[in-house]
Amino acid sequence: MAQTILITGASSGLGAEMARQFAALGYDLALCARRTEKLDGLKAEIAASQPGARVEIRALDVTNDEQVFEVFHGFQADFGTIDRIVINAGLGKGAPLGTGRYDANRETAMTNFVAALCQAEAAMEIFRAQNAGHFVMVSSMSAVRGMPKTLTTYAATKAGVAHLAEGLRAELYGKPIKVTVLYPGYIASEMNEKIDKPTPLMVSTEKGVKAMVSAIEREVGSAAVPALPWAPLGVVMKHAPMPVFKRLI
Ligand SMILES: NC(=O)c1ccc[n+]([C@@H]2O[C@H](COP(=O)([O-])OP(=O)(O)OC[C@H]3O[C@@H](n4cnc5c(N)ncnc54)[C@H](OP(=O)(O)O)[C@@H]3O)[C@@H](O)[C@H]2O)c1
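Draft legend 1. A look at the packing of aromatic side chains. All chains considered together, the criterion is met by two aromatic pairs. Measuring from centroid to centroid gives 5.5 Å for Phe22 and Tyr27, while their planes differ by 85°, and the two rings are edge-to-face. The exposure class of Phe22 is buried, given its relative accessible area of 0%. Taking the centre distance of 5.6 Å and the plane angle of 80° together, the rings of Tyr186 and Trp230 count as edge-to-face. Here Tyr186, found in the loop between β6 (177-184) and α6 (205-217), pairs with Trp230, found in helix α7 (residues 227-239); they are 44 residues apart in sequence, far enough to count as distant. The ring of Phe79 is capped by Arg54, whose NZ or CZ atom sits 4.2 Å from the centre of that ring. Here the guanidinium or amino end of Arg145 rests over the ring plane of Phe245, the centre of that ring lying 4.1 Å away.

Okay, here's the thing in structure tokens:
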């Protein structure tokens, strides 16, 4: 029987492309997001390219705690077992602190951190009951160090979710439940299509997600993706003296 992967934020960008690439590897999929019309389109696309794959979709706003538990447990009831859960839903909004946009920063914090905590609670209920599963958290390279301006809150949320998952990894080390934390660099998606400063470090969605899927399939503990340039660049970002760091970002 095919293994099942639950992906949140599957309606666009990295989540949708992970769904395509995992379906091509033979997995069944439990996909959720708010824009169900996009999920319907993705389901039809996967049905055409991978007729054997089972794809179930559910509407989910991850900031609605009750709905997160309902949807995760609903998928478990649909499939019997959920083998892997990818906490991917996220928001790239944000503004420099103290500039009147607490609403945007709060929305980012609630979606990227508090809602990820809720998804982690629901995922771990399922995995603890199964005594098996693979927990995957999508953090960001911005988690390695505090970031200025529009990225300040976003980077703080991504550091928060990385620590949440790393804490679980320490707890579960050597046990049947596995944990992977991904730190993506710039990967083309809806989140960065309106970026002010185009960066030469941006890779296509397909290429970036291929690196993510490869790290997930190997069940690595943590990975910067794509590894080049992000693994060495991450070390520089973390340790560079402030004048150097300011020139990098
Ligand atoms: N692209 C990059 O360069 C990059 C780098 C580092 C980390 N990341 C992380 O990768 C993840 C995916 O982002 P992306 O780049 O693929 O951006 P994206 O194309 O904007 O996708 C974001 C996804 O999150 C979902 N989402 C947002 N708010 C939600 C909510 N309240 N409830 C449910 N789903 C919600 C969206 O679905 P609906 O709007 O349909 O609900 C969408 O499917 C995010 O966690 C992001 O922080 C991305």
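Draft legend 2. Examining the sheet that holds strand β2 (residues 28-33) more closely. What the seven strands build is an open sheet, ordered β3-β2-β1-β4-β5-β6-β7; its pairing is parallel. Both edges of this open sheet fall to β3 (55-59) and β7 (222-225), since each of them pairs with a single strand only. On average, adjacent strands in this sheet sit at an angle of 15° to one another, irrespective of strand direction. Across the face of the sheet, helix α2 (residues 36-49) comes into contact with β2 and β3 while running at roughly 175° to β3. Relative to β6, helix α5 (residues 152-172) is tilted by about 155°, and along the sheet it contacts β5 (133-138), β6 and β7.

Draft legend 3. Focus on a nonpolar patch on the surface. Together, Val236, Val244, Leu248 and Ile249 make up a nonpolar patch on the protein surface, roughly 290 Å² of accessible area in all. Along the chain, Leu248 turns up in helix α8 (residues 242-248).

Draft legend 4. The arrangement of the environment of Ala162 in detail. Along the chain, Ala162 turns up in helix α5. The class of Ala162 is buried, set by a relative accessible area of 3%. With 23 residues separating them along the chain, Ala162 and Ser139 place their C-alpha atoms 5.7 Å apart. For Ala162, the residues in contact, after removing those within four places along its chain, are Ser139, Val181 and Tyr183.

Draft legend 5. Geometry of the packing of helix α1 (residues 13-24) against α2. In the contact formed by α1 and α2, the axes pass within 10 Å of each other and the chain directions differ by 20°. When the axis of α1 is compared with that of α2, the two are roughly parallel. Like other packed secondary-structure pairs, α1 and α2 cross with a definite hand, here right-handed. In contact with Ala16, Ala19, Arg20 and Ala23 of α1, α2 contributes Leu42, Glu45 and Ile46. Broken down by class, the residue content of the contact of α1 with α2 amounts to five nonpolar, no polar and two charged.

Draft legend 6. Spatial organisation of the layout of surface pockets. Its volume calculated, the second largest pocket comes out at about 230 Å³. Taken together, 14 residues make up the lining of the second largest pocket; nearest its centre are Ala143, Val144, Tyr183, Gly234 and Lys238. If you tally residues by element for the lining of the second largest pocket, the top one is α7, at five residues. Among the residues forming the lining of the second largest pocket, the class breakdown is ten nonpolar, two polar and two charged.

What counts as what
- Throughout this document, residue positions are counted from 1 along each chain, in the order its sequence is written.
- Under the rules for a predicted model, residues below a pLDDT of 70 receive no local features and side-chain atom pairs below 80 are neither given nor counted, while totals for whole chains, interfaces and linings still include all residues.
- To obtain the side-chain values, all non-hydrogen atoms of the structure were used and water was disregarded.
- Between 30 and 60 degrees the pair is tilted, below 30 it is stacked and above 60 it is edge-to-face, where a pair is any two Phe, Tyr or Trp rings, Trp via its six-membered ring, whose centres lie within 6.5 Å.
- Categorising residues by exposure relies on relative accessible area from a 1.4 Å probe, with only protein chains included: less than 20% of the type maximum marks a residue as buried, more than 50% marks it as exposed, and the intermediate range marks it as partly exposed.
- Secondary structure is summarised from DSSP: a helix means a run of H or I of at least four residues, a strand means a run of E of at least two, and numbering begins at the N terminus for each.
- Only when the NZ of Lys or the CZ of Arg is both within 6 Å of the ring centre and within 35 degrees of the ring normal is a charge said to sit over the ring.
- Between any two strands, pairing holds if DSSP finds at least two bridges.
- Lines are fitted to the C-alpha atoms to define the axes, a helix being fitted only along its stretch in contact, and any angle between axes, read from their N-to-C directions, falls within 0 to 180 degrees.
- The contact criterion used throughout is that any non-hydrogen atoms of two residues lie within 4.5 Å.
- Residues with no salt bridge and a relative accessible area higher than 30% make up the patches, which join like charges within 9 Å and nonpolar side chains (Val, Leu, Ile, Met, Phe, Trp, Tyr) within 5 Å.
- The protein chains shown are the only cover counted for residues, whose accessible areas, like all others here, come from Shrake-Rupley with a 1.4 Å probe.
- Here, a salt bridge means any Lys or Arg side-chain nitrogen found within 4 Å of an Asp or Glu carboxyl oxygen.
- An angle counts as roughly parallel when it lies under 35 degrees, as roughly antiparallel when it exceeds 145, as roughly perpendicular when it falls between 65 and 115, and as oblique in every other case.
- Two helices crossing with the near one rotated counterclockwise from the far one by less than a right angle form a left-handed crossing, whereas a clockwise rotation gives a right-handed crossing.
- When residue character is reported, Ala, Val, Leu, Ile, Met, Phe, Trp, Tyr, Cys and Pro are called nonpolar, Asp, Glu, Lys and Arg charged, and the others, Gly included, polar.
- In this analysis, the protein atoms alone were mapped onto a 1 Å grid. Cavities are point sets where a 1.4 Å probe fits without being able to get out; pockets are open sets with protein on both sides within 12 Å along at least five of seven lines; lining residues have an atom within 4 Å of a point.
- Grid points are joined across faces, edges and corners, and a volume is the space filled by probe spheres set on the points.

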